[in-house]
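Observations on the model geometry
What follows is the residue order along each chain.
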Amino acid sequence: MIDPLECKALWRALANHCHSDLGALAALATAPAPTRAAAEARLDRLDEASALDTHSLLPPVTSRLELGQAPMMAQRGAMLDGDDLRRIGRVLRCGCDVHDDADGWRPWAPSLAALADAMPAPYEVADDLIDTFDEHGEIRDDASVALARLRSEVRTTHQTMRRRVAELVRENDAQGVLQDDYYTIRQDRFVLPVRAAEKRTIEGIIHGSSQTGATVYLEPAELVAQNNRLALAVEAVRAEERRILLALSGRVGELADALAVVVATLVDLDTLSATARFCRELSAHRALFRDDAHLELHGARHPHLALAGDGVVANDVILDGPRWMIVSGPNGGGKTVTLTTVGVAVEMARCGLYVCAAEGSI
């Protein structure tokens, strides 16, 4: 698509002011409002966001709002993993925090306060999703009493077996039965690396061999019962972890529709907040709309030049009556900059943004 005013570059700069992934995508998709009333409604909301920015009350939005198909999958009964559940928990927690902050916005941003106040705030689910997992998305020991007990049993059994199998390594290595002085785990069971020629020296069960066939991995008979206990304990842990994941996934599934509202509201607030910061950086102001063709920009600057940080020469541009304008002058005299400054200002106003001009511009 032809972009003579290079508005896409402007929207990219706006997207960089967003905190969230979906907010940035919404900024990149900025488009003109369908009607003047819709553009003015956008500007009214931006006025409120700018007031919150002035009072340092803009809501902090979590960086990752994109949840993919996880909520819908949970709604259909699927079991989500720890990463998905923890990410959903952070989004819900962010929504709850913004919901709580909304009361403080009312004096300056009543409509945005109402928007945030209407957002679902499932505090308990948010806390449970966050508290259940560590930073790697793994279930914490204290996620349930049963899990804490079962994992403790696994650790105790594991430590006991490590001590005993280490003793067996020393005893049999001294007799030259082992290929190396270590033990390993095959099929979740402790085994010894026995020389193939010595495999009948130790009573036990063989769990495979090395690629060369010189080594067999043998489970000593005296470890079979302990390995069985360990396997059962590990399976019990996995069953409890699965129960926890299914329970949390079910709660997310019940909230799938509410979660969609939370995400949409946070995206809306994030893009509004980014726009307020963006316009402040540009020293931009709201332009007034008129029914006639009158255009009046005071101290107009091209936003691309303003963003670049170069010294920008501001210009007054007044168009009273006709719908066309002729700009003449020598090459390099700023004709293109002046024309595109006007064009970009009009486009920003149509999209519900402030323009790079002084207050009172029309």
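Residues numbered from 1 in each chain as written. Predicted model: local features only at pLDDT ≥ 70, side-chain atom pairs only at ≥ 80, totals over all residues. Heavy atoms only, no water.

Turning our attention to the overall build of the protein chain. Within the protein chain, the secondary structure is distributed over twelve helices and six strands. Over its C-alpha atoms the protein chain spans a radius of gyration of 33 Å, topping by over 25% the 21 Å that the globule rule assigns to 362 residues. Here the protein chain holds 362 residues, and 43% of them are scored as buried. The long-range fraction of contacts in the protein chain, counting pairs at least 24 apart against all pairs at least 6 apart in sequence, stands at 67%. For the protein chain, the separation between the mean place of its 38 positive charges and that of its 53 negative charges on side chains is 5 Å. (Helix = DSSP H or I, 4+ residues; strand = E, 2+ residues; numbered from the N terminus. Rg over C-alpha atoms; globule rule 2.2 N^0.38 Å. Buried < 20%, exposed > 50% of the residue type's maximum accessible area, 1.4 Å probe, protein only. Contact = heavy atoms within 4.5 Å. Lys, Arg positive; Asp, Glu negative; His and termini not counted. Charge placed at Lys NZ, Arg CZ, Asp CG, Glu CD.)

This brings us to unusual backbone geometry. At Asp 188, a position not held by glycine, the phi torsion is positive, near 65 degrees. Considering the arrangement of structural elements, one finds Asp 188 in the loop between β1 (184–186) and β2 (189–195). At Ser 283, a residue that is not glycine, the phi angle is positive and equals roughly 55 degrees. Along the chain, Ser 283 turns up in the loop between α10 (256–281) and β5 (295–300). Ser 283 sits in the partly exposed class, given a relative accessible area of 43%.

Moving on, we come to the nonpolar core. The biggest cluster of nonpolar side chains holds 94 residues, and the ones touching the most others in it are Ile 88, Leu 92, Trp 105 and Leu 266. In terms of residues, this core owes the most to one element, α10, which gives eleven residues. Among all residues touching Leu 92, those that are not within four sequence positions of it are Pro 122, Val 125, Ala 126, Leu 129, Leu 255, Leu 259 and Val 262. (Core = buried A, V, L, I, M, F, W, Y, C linked by side-chain atoms within 4.5 Å.)

Put simply, side chains in a regular strand alternate between the two faces of the sheet. Burial runs high along strand β4 (residues 215–220): six of the six residues are buried. Of the two faces of β4, both are covered, the one formed by Thr 215, Tyr 217 and Glu 219 as well as the one formed by Val 216, Leu 218 and Pro 220. Across four bridges, the pairing between β2 and β4 is antiparallel. Bridged to Val 194 within β4 is Val 216. Across four bridges, strand β3 (residues 204–209) lies against β4 in antiparallel orientation. From the neighbouring strand, Ile 206 faces β4, where its bridge partner is Leu 218. (Pairing = 2+ DSSP bridges.)

What follows is about the pattern of salt bridges. Applying the stated criterion to the full structure yields 21 salt bridges. Between Asp 141 and Arg 151 there is a salt bridge, and its shortest N-O distance comes to 2.7 Å. Here Asp 141, found in the loop between α7 (123–132) and α8 (145–174), pairs with Arg 151, found in helix α8; they are ten residues apart in sequence, far enough to count as distant. We classify Arg 151 as buried; its relative accessible area is 13%. Between Asp 188 and Arg 238 there is a salt bridge, with its nearest N and O atoms 4.0 Å apart. With a gap of 50 residues between them, Asp 188 in the loop between β1 and β2 and Arg 238 in helix α9 (residues 221–254) connect regions that are remote in the sequence. (Salt bridge = Lys/Arg side-chain N within 4 Å of Asp/Glu carboxyl O.)

A separate point is the side chain of Ser 210. Positionally, Ser 210 belongs in the loop between β3 and β4. We classify Ser 210 as buried; its relative accessible area is 18%. In this structure the side chain of Ser 210 is engaged in a polar contact, spanning 3.4 Å, whose partner is the backbone nitrogen of Ala 214. Excluding residues that lie within four positions of it along the chain, Ser 210 makes contacts with Thr 215 and Tyr 217. (Polar contact = N/O pair within 3.5 Å; in protein donor to acceptor, adjacent residues only side chain to side chain.)

Right, let's talk about α7 for a bit. Residues lying three or four places apart along an α-helix face the same way, a consequence of the helix completing one turn every 3.6 residues. If you check which residues of α7 are buried, you get Val 125, Ala 126, Leu 129 and Thr 132. All buried residues of α7 project into a common sector of 150 degrees when viewed along the axis, lining one side. Along α7, the residues that are exposed and aim more than 90 degrees away from the buried face are Glu 124 and Asp 131. The secondary structure elements touched by the buried residues of α7 are α5 (82–101) and α9. (Arc of directions from axis to C-beta.)

Summarising the element assignment, Thr 132 is placed in helix α7. Residue classification places Thr 132 among the buried positions, given a relative accessible area of 9%. Here Thr 132 is in contact with Glu 138, Ile 139, Arg 140, Ala 143, Ile 244 and Leu 248, once residues within four sequence places are set aside.

This part is about the packing of helix α3 (residues 36–54) against α10. What describes two packed helices is the angle between their axes and the distance between those same axes. Where α3 contacts α10, the axes come no closer than 9 Å and their chain directions differ by 70 degrees. By the angle between their axes, α3 is roughly perpendicular relative to α10. Across the interface between the two elements, Arg 45, Leu 46, Ala 49, Ser 50 and Asp 53 from α3 touch Asp 268, Leu 272, Thr 275, Ala 276, Arg 277, Cys 279 and Arg 280 from α10. For the contact of α3 with α10, the per-class residue count stands at five nonpolar, two polar and five charged. (Axes fitted to C-alpha atoms, helices over the stretch in contact; angles between N-to-C directions. Parallel < 35°, antiparallel > 145°, perpendicular 65-115°, else oblique. Nonpolar A, V, L, I, M, F, W, Y, C, P; charged D, E, K, R; others polar.)

Remember, this is a structural readout, not a statement about activity or role.
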